[in-house]
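Summary of the model geometry
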Amino acid sequence: MKSRLEVLINRKISRRKMLKDAGKASAFLAVSSVLPSEFFNIPFLKEKINNSSDIFFKPIVPSDEDKFIIPEGFSYNVIRKWGDRISASEDFGYNNDYTAYLPIDFLEGGNNSEDGLLVVNHEFPSPLFINGYTDDDFRNNRIKTKEEVDAEKRSVGISVFRVKKVNGEWRFAEDDKFNRRIDALTPVKLCGKAAGSEELKFSEYSAGTIANCSGGITPWGTLLSGEENFQDYFTSENLWEYRWNDADKDFIVENYGWVVELDPFDKNSEPKKRTSLGRFRHENVAVNISADNKVVAYMGDDKINECVYKFISEKNYDKTNRENNFDILDKGDLYVADFENNKWQLIDFEKREELKKNFRSQADVLINCDKAAKFVGGTECNRPEDIEINPVDNSVFIAFTNNSKKKDNFGSIVRIIERNNDSESLEFEWEVFATGGTASGFSCPDNLTFDSKGNLWVLCDISNSKLNKDIYKSFKNNSLFMIPTSGENKGKAFQFASGPADCEMCGGNFTPDESTMFLAVQHPGENTVSLDKPTSRWPDYGSDIPRPAVIAITGFKK
Ligand code: FEO
Ligand code: CA
Ligand code: CA
Ligand code: CA
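Owing to the predicted nature of the structure, the values given are computational and were not obtained by experimental measurement.

All right, on to the coordination of the calcium ion (ligand 4) then. When four donors bind a metal tetrahedrally, each ideal donor-metal-donor angle is 109.5 degrees, and when six bind octahedrally, the ideal angles are 90 or 180 degrees. Taken together, the protein donors to the calcium ion (ligand 4) comprise Glu 385 (OE), Asp 446 (OD) and Asp 461 (OD), at separations of 2.2 to 2.4 Å. As a motif over one chain, the donors of the calcium ion (ligand 4) read E-x60-D-x14-D. Separating the calcium ion (ligand 4) and the calcium ion (ligand 2) is a distance of 3.9 Å, and Glu 385 donates to both of them. You can see Asp 446 sitting in strand β29 (residues 445-450) and its partner Asp 461 sitting in the loop between β30 (455-460) and β31 (479-484), a full 15 residues away along the chain.

Listed below in structure tokens is the structure:
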């Protein structure tokens, strides 16, 4: 039976298509209308109308050029690209995804918008670009040398480094004391309710972190990094898809698929996996503080027919003592979204008979969280990617990137409104805020970020097997849109950027003064088969191969 979520997403897609066919909405427009939320009654939300969400740039049109294109009046510069130095012995990794900017005076309550730390996730390696390891090598099961394996292990994880705006341009700060890499070779401590359990083979540490996709920043200034498609690194237990090491007993599959917390302000701090948040393909973490000072963390599991989660801390957030918050994500309750009954369902072995019948312990439940979630009523969704909280009205936006198996080819953005606007509430209302497609102009929403006016910035990820082909052709390269969430342009998508060939755009975060947006261009030239014929040469062109890079876009405010 179809879930209410699936029915309403499909209904909105059909309605949009009907209007388009009737000529009321036209295809291939960079600026076009997404239907308002006509099917939904939202009793809990007193929408705060923001009248200042004017469109402050001239929208661009889709492009298939191997270029990073932004509107007139804006400019960008590359801050770090794959292979650049981070510290004396460490390099910037491959496939940058999440970007976060932390003002250098964050811990003193400051909002310096010209000097800060940039934290960047690196999701997966490219054996071809890193080691010249071709598809033929893979098919022939060529064993990599230790140097090749180490180069790939060092290309993933997290980069932390200082950036400064000098004469209007953002620059990497060489030899800064904060500059640091965490990768697949860095020990990461296992913490929380599954740590030390028999199910985790009593391990205290995980061998590094992998599959670091998107993330979040906590109010106490730590980074949360989502380990997402960890399974892509394994073809089976302890057999590495990347041919890293077929027999390395340190690499236990259960040690991956967690949220990692890292203090970027302390270079000597240990990164930690927060197992109480559950193990699944973590896209990101959106953190809110409830009216009663609990930490509430929203998370999505990026796979077709998987769920949306929320964690509520047991302890109160302590504004006055940073260290009191360091382990706050280890204790609390984990819930899954039930869109049929508009409820957050508790995932607790001790309190749910369904779980007692099917699992051995809470550690077992957390490790197999996606399965446990279904037993308590979690709704299957169309690949939950990024989740962000609207700073204007506290509503929670989720990007469902697509699910072609359920006739959702272009994805949607769903908005959750917690009862009484209380993030601790166990009941909510929701609406399909926008759907992708030719009428709206965007397709396959992935990363989201808000500006302070409540404009939603949507970064798209049409996969490379589909990009510029068939039903996806009109969208051209992956791109960035701004969608106001209130006012006369509510729900309309305005294209702001177009990425180079084969890339996906990730990250997307503003400085506190919103004069700069940091953004990651991931896997340009991904369809390359042979190094002498790359499908992209961004960003340096000439004879260079393509390089994933983090850029700063300026010109948002004078
Ligand atoms: Fe790594 Fe869900 O994107
Ligand atoms: Ca993503
Ligand atoms: Ca985001
Ligand atoms: Ca994606």
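Moving on, we get to the pairing of strand β18 (residues 282-289). Burial runs high along β18: 7 of the 8 residues are buried. Pairing of β18 with strand β19 (residues 294-301), which is carried by 6 bridges, proceeds in the antiparallel orientation. In the strand pairing of β19, Ile 289 is matched with Val 295.

This part takes up the sheet that holds strand β33 (residues 504-510). Two orientations exist for strands paired in a sheet by backbone hydrogen bonds: parallel and antiparallel. Strand order in the open sheet formed by 4 strands is β2-β35-β34-β33, with antiparallel pairing between adjacent strands. Each edge of the open sheet is held by one strand with a lone partner, namely β2 (75-81) and β33. The sheet shows a mean angle of 25° between the axes of neighbouring strands, direction not considered. The pairing of β2 with strand β35 (residues 549-554) spans 6 bridges and is classified as antiparallel. Note on β35: the bridge partner recorded for Asn 77 is Ala 552.

With that out of the way, let us pick up the side chain of Asn 284. Looking at the secondary structure, you find Asn 284 in strand β18. Within the local environment of Asn 284, its side chain forms a polar contact with the backbone oxygen of Gly 215, the two atoms lying 3.5 Å apart. A polar contact of 3.0 Å, which involves the side chain of Asn 284, links it to the backbone oxygen of Ile 387. For Asn 284, the contacting residues outside a window of four places in its chain are Ser 214, Gly 215, Tyr 298, Met 299, Gly 300, Glu 385, Asp 386, Ile 387 and Glu 388.

One open sheet holds the 4 strands; their spatial order is β25-β26-β27-β28, and the pairing between them is antiparallel. Only two strands of the sheet have a single neighbouring strand rather than two, namely β25 (384-389) and β28 (428-435). Going from strand to strand, the sheet's axes swing by 20° on average, the running direction of each strand aside. The pairing of strand β27 (residues 412-418) with β28 spans 7 bridges and is classified as antiparallel. Bridging across to β28, Ser 412 finds its partner in Thr 435.

In an α-helix there are 3.6 residues to a turn, and that puts residues three or four apart on one side. Turning to helix α4 (residues 146-153), its buried residues are Glu 148, Val 149, Asp 150, Glu 152 and Lys 153. In the core, the buried residues of α4 are packed alongside α2 (127-131).

Most often, soluble globular proteins keep nonpolar side chains buried together rather than apart. Of all hydrophobic cores here, the largest spans 34 residues; its most connected members are Met 299, Tyr 309, Leu 334, Ile 347 and Leu 355. Of all the elements, helix α6 (residues 362-367) adds the most residues to this core, at 4 residues. Membership of the second largest hydrophobic core comes to 25 residues, among which are Ala 286, Val 308, Leu 346 and Ile 398.

Criteria and cut-off values
- Residues numbered from 1 in each chain as written.
- Chains lettered and ligands numbered in written order.
- Predicted model: local features only at pLDDT ≥ 70, side-chain atom pairs only at ≥ 80, totals over all residues.
- Heavy atoms only, no water.
- Donors = N, O, S within 2.8 Å, 3.2 Å for Na, K, Ca; no water.
- Helix = DSSP H or I, 4+ residues; strand = E, 2+ residues; numbered from the N terminus.
- Buried < 20%, exposed > 50% of the residue type's maximum accessible area, 1.4 Å probe, protein only.
- Pairing = 2+ DSSP bridges.
- Axes fitted to C-alpha atoms, helices over the stretch in contact; angles between N-to-C directions.
- Polar contact = N/O pair within 3.5 Å; in protein donor to acceptor, adjacent residues only side chain to side chain.
- Contact = heavy atoms within 4.5 Å.
- Core = buried A, V, L, I, M, F, W, Y, C linked by side-chain atoms within 4.5 Å.

Don't take any of this as a statement about function, it's just geometry.
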